[in-house]
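Fold and geometry: a report
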Amino acid sequence: MNDTGELLDKSKLFDKSNIEELYAPKKRNVAKNVYRRVRKYAVRVAKKQDTFRKEMRKILLEYRKNEYEKFKQQVKTNPKVILFSAFDGRSYGDSPRAIYEYMLNDERFEDYTFVWAFRKPKEFTFVIDNPNTYIVPVKSNEYRYACALAKYWIYNYRIADHIYPKEDQVYIQLWHGTPLKRLGYDIKISDNAMNSKSEIRDKYKVDAQKFKYILAPSRFAGEKFISAWNLEAVGRTDAVLELGYPRNDFLINYTQADVKAIKEKLNLPDGKKYILYAPTWRDNQHKAGVGYVYETEVDFDKLRDALSDEYIILFRAHYLVANSFDFEKYKGFVYDVSSVNDVNHLYVISDLLVTDYSSVFFDYANLKRPEIFYMYDLDTYGNEIRGFYIDLDELPGPIVKTADELINAVKNADNDKNNYSQKYERFNKKFNYLDDGNASKRVVETIIEELR
């Protein structure tokens, strides 16, 4: 709905010829600047005052929910419109991308309309090269219209709390990884920087009320999703689909030509081995007005002295981390690849993975390459911040806590990989047995009602 309360015109909403104007930066007026300052202050107060935060969120949620409920009833659902979002509009990747690209190559979807929601649409205008694809900015009127119009919502992250599907709409929660860290109702240890345990559970409860399906890459993940979203308590365990992750199809089907093209696009040097360093975010590291931040604990000076002759580091920040990183001091040794849309592209070009508690190691294990777990804050993270679903003894690689241990593990990565071979095999049989390159096909043919 526009400011006058009239229904938006779809022809204007998805007018590709007007893309530059539609997504041009808006000038901030005085009122908006004041609002931003007040909001920043309110966030600071909310982090310290649980009662204030909960009441303000409740009021805002009810207002937004009522407004969207009135709006969506004016829009008729179109059974051949599909809405995609990856990481709450932050990127074009993961399983939503895999499903979308599968559909583009399937003649059964020739007359479908695809809509992508992005936070920064101008960075993703390449998707509209496809004549049936459109883009909308998250949190805009255009986005609300797309939500109300599309029969299918294909997301890998929770949709906004105030947006509920209509009876004839299908919300598919793909999620974004096999969980090592506890989620939702399973978090027992501590609150995070912006939400108490009860607030986290409320968010998962709301999401469980909305989605028709939640995708699991394995039986293990399916069991954890049932408990994290409390699905058994609400009689919704049948919402879990154990079909494998579409995003991992690429890890099975990629070619050496893909590897070469990715390296050239990123302008990476030949003749070196690539270490992909992909740490996760910390629940207790948050700055008002910025978001979740991450302060890397890696001693890059020491790593450069010990490893630069043979290796380079590809640094990949978690998608929730809002701060930027300055690696100018380590130019030629550390490459910031946080902006690469699809982490799969980084997996297939790297020789080994260094991570901590991120779920990336589950997917990377498909490549059967060395994995190192740099858990410098293991005692704090495991006992005070989040907690784990699996025994860390199951990890298919060594756990290290210091820079010296990390260097030694990198230098001995191939030997350690052989030492961990049996554990690696058991790991893949438990967590990755559905990764056969055909998950996209299975998921699409299960969730799209018109194909049955």
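Note that the structure is predicted; figures quoted are calculated from it, not measured. (Residues numbered from 1 in each chain as written. Predicted model: local features only at pLDDT ≥ 70, side-chain atom pairs only at ≥ 80, totals over all residues. Heavy atoms only, no water.)

Now for the packing of aromatic side chains. Applying the stated criterion across every chain, the model contains 35 aromatic pairs. Centre to centre, the rings of Y100 and F114 are 5.5 Å apart; their planes meet at 85°, and the pair counts as edge-to-face. Placement of the pair is Y100 in helix α5 (residues 94-104) and F114 in strand β2 (residues 113-118), with a sequence separation of 14 residues. This pair shows no difference in class: Y100 is buried, exactly as F114 is. If you follow K65 out to its NZ or CZ, it ends over the ring of Y164, 4.4 Å from the centre. (Phe/Tyr/Trp six-rings, centres within 6.5 Å; stacked < 30°, edge-to-face > 60°. Helix = DSSP H or I, 4+ residues; strand = E, 2+ residues; numbered from the N terminus. Buried < 20%, exposed > 50% of the residue type's maximum accessible area, 1.4 Å probe, protein only. Lys NZ or Arg CZ within 6 Å of the ring centre and 35° of its normal.)

So, about the packing of helix α11 (residues 300-307) against helix α15 (residues 403-411). Close contact between α11 and α15 brings their axes to 10 Å; oriented N to C, the two are set at 30°. Taken as axis vectors, α11 and α15 run roughly parallel relative to one another. Here α11 runs over α15; the crossing is right-handed. Where α11 approaches α15, its residues K302, L303, A306 and L307 are matched on the opposing element by A403, D404, L406, I407, V410 and K411. Taken together, the residues that form the contact of α11 with α15 break down as 7 nonpolar, no polar and 3 charged. (Axes fitted to C-alpha atoms, helices over the stretch in contact; angles between N-to-C directions. Parallel < 35°, antiparallel > 145°, perpendicular 65-115°, else oblique. Left-handed = near helix turned anticlockwise from the far one by under 90°. Contact = heavy atoms within 4.5 Å. Nonpolar A, V, L, I, M, F, W, Y, C, P; charged D, E, K, R; others polar.)

Turning to the sheet that holds strand β1 (residues 78-85), a few remarks are in order. Here we have 7 strands laid out as an open sheet, ordered β3-β2-β1-β4-β5-β6-β7, and parallel in their pairing. Only two strands of the sheet have a single neighbouring strand rather than two, namely β3 (133-137) and β7 (240-242). Pairs of neighbouring strands in the sheet enclose a mean axial angle of 25°, with direction left out of account. Pairing geometry for strand β6 (residues 213-216) and β7, over 3 bridges, is parallel. Among the inter-strand pairings, A216 is bridged to a residue of β7, identified as E242. Against the sheet, helix α18 (residues 439-447) makes contact with β4 (150-155), β5 (170-173), β6 and β7, and its axis sits at roughly 165° relative to β6, the strand it touches most. (Pairing = 2+ DSSP bridges.)

What follows is about the nonpolar core. With 108 residues, the main nonpolar core has I82, L83, M103, W153 and W229 as its most contacted residues. If one sorts the elements of this core by residue count, helix α6 (residues 141-149) sits on top with 6 residues. Core analysis: the next-biggest nonpolar cluster, separate from the first, contains 25 residues, L307, F315, L352 and I407 among them. (Core = buried A, V, L, I, M, F, W, Y, C linked by side-chain atoms within 4.5 Å.)

Here 6 strands make up an open sheet; going across it, the order is β12-β11-β8-β13-β14-β15 and the pairing parallel. Each end of this open sheet is capped by a strand with a single partner; those strands are β12 (334-336) and β15 (399-400). Bridging between strand β8 (residues 273-278) and strand β11 (residues 311-315) involves 5 bridges; their strand directions are parallel. Opposite L276, over in β11, you have L314 as the bridge partner.

Here we come to the side chain of D161. Relative to the elements of secondary structure, D161 occurs in the loop between β4 and β5. Only 2.3 Å separates the side chain of D161 from the side chain of R158, close enough to count as a polar contact. Dropping the residues within four chain positions of it, D161 is found in contact with L61, K203, V206 and K210. (Polar contact = N/O pair within 3.5 Å; in protein donor to acceptor, adjacent residues only side chain to side chain.)

Let us look at the pairing of β8. Of all the 6 residues making up β8, 5 are buried; the element is thus mostly covered by neighbouring parts of the structure. Both β8 and strand β13 (residues 352-355) contribute to a ladder of 4 bridges, which runs parallel. For Y277, the partnering residue across the bridge sits in β13 and is V354.

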